[in-house]
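Letter by letter, the chains look like this.
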Amino acid sequence: MYEIRFHGRGGQGAVTSAELLALAAIGEGRFGQAFPSFGPERRGAPVMAYARVADAQILNRSAVYNPNGVIVLDPSLLKLVDVAAGLAPGGTIVVATHLSPEALRKEFKLPGRVATVDALTIAMQTIRRPITNTTMLGAFIKATAEGDKTLVGLDSLESAVKDRFGRIASLNIHAFRRAYEDTVVHEEN
């Protein structure tokens, strides 16, 4: 089972990202689960969401404490939250920022594989809104790829996005495919 924790701010689409990832896995005939971390969140407040992808039925319904992957939709959270808390050995952290993975690793002592993408710029240029959720999914798929094998396929994600967003899906698809291409990944030494 592959577990993912999403860090964002209310209104950025962290919960939607988790759902889309789970739906993409389900579309491939696998098992997916997504849920938010509920609390007194409001627009702009830090929020978390979780997703799991597996080849067998997922019975665990708890929060994700030892994620294989972490997606950070808002880089300002790196100063507020320990986004690497509990990261599984060899895990991946993907951050929406214009900074390089090496710079983030140095400044925030991030372990594992670190990947970055200027998701905000991509979102503003493609969907014309400062919402990076679908953009970050493209970055995450690239960052977690092992050779030609990805956690979920880009085509599966595209189908999930089409089902969720209908007529505005094409902009989001363009955003996540561009992020997939633009993502920079740095392995831990």
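Now for a look at the structure at hand. (Residues numbered from 1 in each chain as written. Predicted model: local features only at pLDDT ≥ 70, side-chain atom pairs only at ≥ 80, totals over all residues. Heavy atoms only, no water.)

1. Here we look at the overall build of the protein chain
A count of helices and strands for the protein chain gives 6 helices and 7 strands. Start at the N end of the protein chain and walk to the C end: the helices and strands fall as β-α-β-β-β-β-α-β-α-α-α-α-β. When its C-alpha atoms are laid out on the principal axes, the protein chain stretches across 40 × 40 × 40 Å. Burial analysis of the protein chain (189 residues in total) assigns 51% to the buried set. Taking the contacts inside the protein chain whose residues are at least 6 apart along the sequence as the reference set, 63% of them involve residues at least 24 apart. Entry remark: accessible area of the protein chain is about 9,100 Å², with carbon and sulfur atoms responsible for 52%. (Helix = DSSP H or I, 4+ residues; strand = E, 2+ residues; numbered from the N terminus. Buried < 20%, exposed > 50% of the residue type's maximum accessible area, 1.4 Å probe, protein only. Contact = heavy atoms within 4.5 Å. Areas by Shrake-Rupley, 256 points an atom, 1.4 Å probe, with all protein chains shown as cover.)

2. Points about the sheet that holds strand β6 (residues 113–117)
Read from one edge of the open sheet, 7 strands run β2-β3-β1-β4-β5-β6-β7, paired in mixed fashion. The open sheet has two edge strands, β2 (31–36) and β7 (184–186), and neither has a second partner. Strand-to-strand twist across the sheet, computed as the mean angle between neighbouring axes with direction ignored, equals 15 degrees. In terms of strand pairing, strand β1 (residues 2–9) meets strand β4 (residues 69–72) through 4 bridges, oriented parallel. Residue pairing in the sheet places His7 in a bridge with Val72 of β4. Sitting on the sheet, helix α4 (residues 133–143) touches β1, β4, β5 (92–96), β6 and β7, and the angle it makes with β5 is about 150 degrees. (Pairing = 2+ DSSP bridges. Axes fitted to C-alpha atoms, helices over the stretch in contact; angles between N-to-C directions.)

3. Some thoughts on the pairing of strand β3 (residues 46–54)
Taken residue by residue, a regular strand's side chains alternate between the two faces of the sheet. Along β3, 7 of the 9 residues are buried, which leaves the element largely enclosed by surrounding structure. Across 6 bridges, the pairing between β2 and β3 is antiparallel. By the bridge assignment, Phe35 is partnered in β3 with Tyr50.

4. Focus: the environment of Arg52
On the secondary structure map, Arg52 appears in strand β3. Assessed through its relative accessible area of 0%, Arg52 is described here as buried. Distance in space between the C-alpha atoms of Arg52 and Ser17 is 12 Å, their sequence separation being 35 residues. Looking at Arg52, its side chain comes within polar contact range of the main-chain oxygen of Asn60, at 3.4 Å. Polar side-chain contacts of Arg52 include one of 3.3 Å to the backbone oxygen of Ala63. (Polar contact = N/O pair within 3.5 Å; in protein donor to acceptor, adjacent residues only side chain to side chain.)

5. Observations concerning the nonpolar core
Counting 40 residues, the largest nonpolar core has Ile4, Phe6, Leu21, Ile71, Met136, Phe140 and Leu157 as its most contacted members. Excluding residues that lie within four positions of it along the chain, Ile4 makes contacts with Leu21, Ala49, Tyr50, Ala51, Val64, Gly69, Ile71, Phe140 and Leu151. Counting 11 residues, the second largest nonpolar core, distinct from the first, contains Val70, Val72, Leu78 and Ala84. (Core = buried A, V, L, I, M, F, W, Y, C linked by side-chain atoms within 4.5 Å.)

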